[in-house]
Amino acid sequence: MKAARYYGNRDVRIDDVEAPSADAGEVLIDVEACGICGSDLGEYVYGPRRDDDEYLPYTMGHELGGTVAAVGEGVDLDVGTAVGVNPLIACEDCWCCDAGKYNLCRNLEVIGAHRQGGYAEQVVVPAGNVIPLPDDLSPADAAVAEPLTVAYHGLLESPLRPGHSAVIVGMGPIGLGMVQLAKAAGASPVIASGHRESRRRLAAECGADIVVDPRETDLAERVAEETEGGADVSFEVAGNESALVDAITSTKASGHTTVLGVFKGSVEIDPMEFVNHERTINGSAAYETGPRADQEFGAVYEMLATRELDAELLVTSRIALDDIVDGFEALADSESGEVKVLVEP
């Protein structure tokens, strides 16, 4: 079968590899779509995410949907069932797993990083990570559910309630998903901040009441004008220092910031922004997995199936597996207007 395998910095090749098979407790999936994630893009542009290169080459891709092609012994799923995948595999044996914090597993593995992923015609996944889709949801839409589920987990980890004001800083797929989710949760106003004009337009389409370019407008001042001195809750979804500072300072006294962004290094913030204003902050890591692998994904699938969330707003291109390098390069170009590229093997 064909697979797009990562060899190193800006080196992804289409290889012919042996087709996998499902062992006991596993599911073989015909991949219908796999989204290019920001973490994959970072590895493509900046080089391998791990120090040892013995794992190279490997097949990336963890945002996927497809249909069941075969099942291993002990798996109760029909061939042809439309499914999505939770790509996080918890060991279910460490102290975090014992405490039910499966997304914080100390031995966490990721399909498309530690195991072969979805930029291929087929992929093998543990049965516990395979989630049947609602009747009205396509496998392609299920591929977009992964970043939306990251946003959904962050929403649940925050204190946001109906009627609260919300600021979302960072307009990638997760940030745009958070705009939709915050609106669905009853937040008002929802204020979105991002550098790229094309993504600010999308934020408005996703339901943002106010859209801000932080390079031209002081975000904290604008938010204070539109609310009673600051937002109740902010979400940092960009992964850089200026975004984090904006997210914190745009909240009111006693406001809260939830951080979802993936940072490449340390950043500097002023602790007195918390002390003087009794603000709070927390982090949000991915989503539930292990025995709860279908919990948050399932909720997002239902919201997509009922059109409470709109996956199509995020999808800017659909490409063949043979064109995956073009997809990576387009996403790496900040002027391209791309948001979510779906690879369809």
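Now for a description of the structure that goes with this document.

Parameters and conventions
- Every chain is numbered on its own, with residues counted from 1 as its sequence reads.
- Local features in a predicted model are, by the rule used here, given only for residues with pLDDT of at least 70; side-chain atom pairs are given and counted only at 80 or more, and totals for whole chains, interfaces and linings are based on all residues.
- Side-chain descriptors were evaluated using all non-hydrogen atoms of the structure, hydrogens and water having been removed beforehand.
- By the criteria applied, helices consist of DSSP H or I runs no shorter than four residues and strands consist of E runs no shorter than two, each listed in order from the N terminus.
- It only takes one pair of heavy atoms within 4.5 Å for two residues to be counted as in contact.
- Between any two strands, at least two bridges found by DSSP are needed for them to pair.
- Note on geometry: axes are C-alpha line fits, over the in-contact stretch for helices, and angles between N-to-C directions span 0 to 180 degrees.
- Among the buried residues, those of types Ala, Val, Leu, Ile, Met, Phe, Trp, Tyr and Cys that are joined through side-chain atoms within 4.5 Å form a nonpolar core.
- Here's how the labels work: a residue is buried when its accessible area is under 20% of the maximum for its type, exposed when over 50%, partly exposed in between, all with a 1.4 Å probe on protein chains only.
- Angle categories are assigned with fixed cut-offs, so that under 35 degrees is roughly parallel, over 145 is roughly antiparallel, 65 to 115 is roughly perpendicular, and the rest are oblique.
- Left-handed describes a crossing whose near helix is turned anticlockwise from the far helix through less than a right angle; right-handed describes the clockwise counterpart.
- Polar here means any residue other than Ala, Val, Leu, Ile, Met, Phe, Trp, Tyr, Cys and Pro, which are nonpolar, and Asp, Glu, Lys and Arg, which are charged; Gly is therefore polar.
- Cysteine sulfurs are considered disulfide-paired once they come within 2.5 Å of each other.

With that settled, the discussion passes to the side chain of Thr 67. Here Thr 67 is to be found in strand β5 (residues 63-71). Setting aside anything within four residues of it in sequence, one finds Thr 67 in contact with Leu 28, Ile 29, Asp 30, Glu 32, Gly 80, Thr 81, Ala 82 and Val 83.

Backbone hydrogen bonds are what pair the strands of a sheet, in a parallel or an antiparallel way. Read across the open sheet, the 6 strands follow the order β13-β12-β11-β14-β15-β16; overall the sheet is parallel. Looking at the sheet topology across the chains shown, the edges are occupied by β13 (210-212) and β16 (280-283). Direction aside, neighbouring strands of the sheet carry axes that sit 15 degrees apart on average. Pairing between strand β12 (residues 190-193) and β13: 3 bridges, direction parallel.

To continue, consider the nonpolar core. Considering soluble globular proteins, one finds that nonpolar side chains tend to be buried as a cluster. Among the nonpolar cores identified, the biggest contains 51 residues, and Ile 168 and Phe 235 are the most heavily contacted of them. Taken together, the elements giving at least two residues each to this core come down to α3 (139-157), β11 (166-169), α4 (173-184), β12, α5 (197-205), β14 (231-236) and α9 (295-305). The leading source of residues in this core is α3, at 10 residues. Excluding residues within four positions of it along the chain, Ile 168 makes contact with Gly 175, Met 178, Val 179, Ala 182, Val 190, Ile 191, Ala 192, Ser 193, Phe 235 and Val 237.

It is worth spelling out unusual backbone geometry at this point. Across residues other than glycine, the phi torsion is negative in most instances, and most of the peptide bonds are trans. A cis amide bond links Leu 56 to the next residue, Pro 57, at an omega of -10 degrees. As for its position among the elements, Pro 57 is in the loop between α1 (38-46) and β4 (58-59). Of note, the amide linkage connecting Ser 188 to Pro 189 takes the cis form, showing an omega dihedral of -5 degrees. Relative to the assigned elements, Pro 189 resides in the loop between α4 and β12. Although it is not a glycine, Glu 92 sits at a positive phi angle of roughly 60 degrees. You can see Glu 92 is positioned in the loop between β7 (88-89) and α2 (95-98).

Where α3 contacts α4, the two axes come as close as 8 Å, and the packing angle between them is 55 degrees. By the angle class used here, α3 and α4 are oblique. Both α3 and α4 take part in a crossing whose hand is right-handed. Along the contact surface, α3 presents Pro 147, Leu 148, Val 150, Ala 151, Tyr 152, Gly 154 and Leu 155, while α4 presents Pro 173, Ile 174, Gly 177, Met 178, Leu 181 and Ala 182. Considering only residue class, the contact of α3 with α4 consists of 11 nonpolar, 2 polar and no charged.

Here the focus is the state of the cysteines. One pass over the structure, following the stated rule, counts 0 disulfides. Here Cys 34 is not cross-linked by a disulfide; its sulfur's nearest cysteine counterpart is in Cys 37, at 9.4 Å. The exposure class of Cys 34 is buried, given its relative accessible area of 0%. Not engaged in a disulfide, the cysteine Cys 97 finds its nearest cysteine sulfur in Cys 94; these two sulfurs lie 3.7 Å apart.

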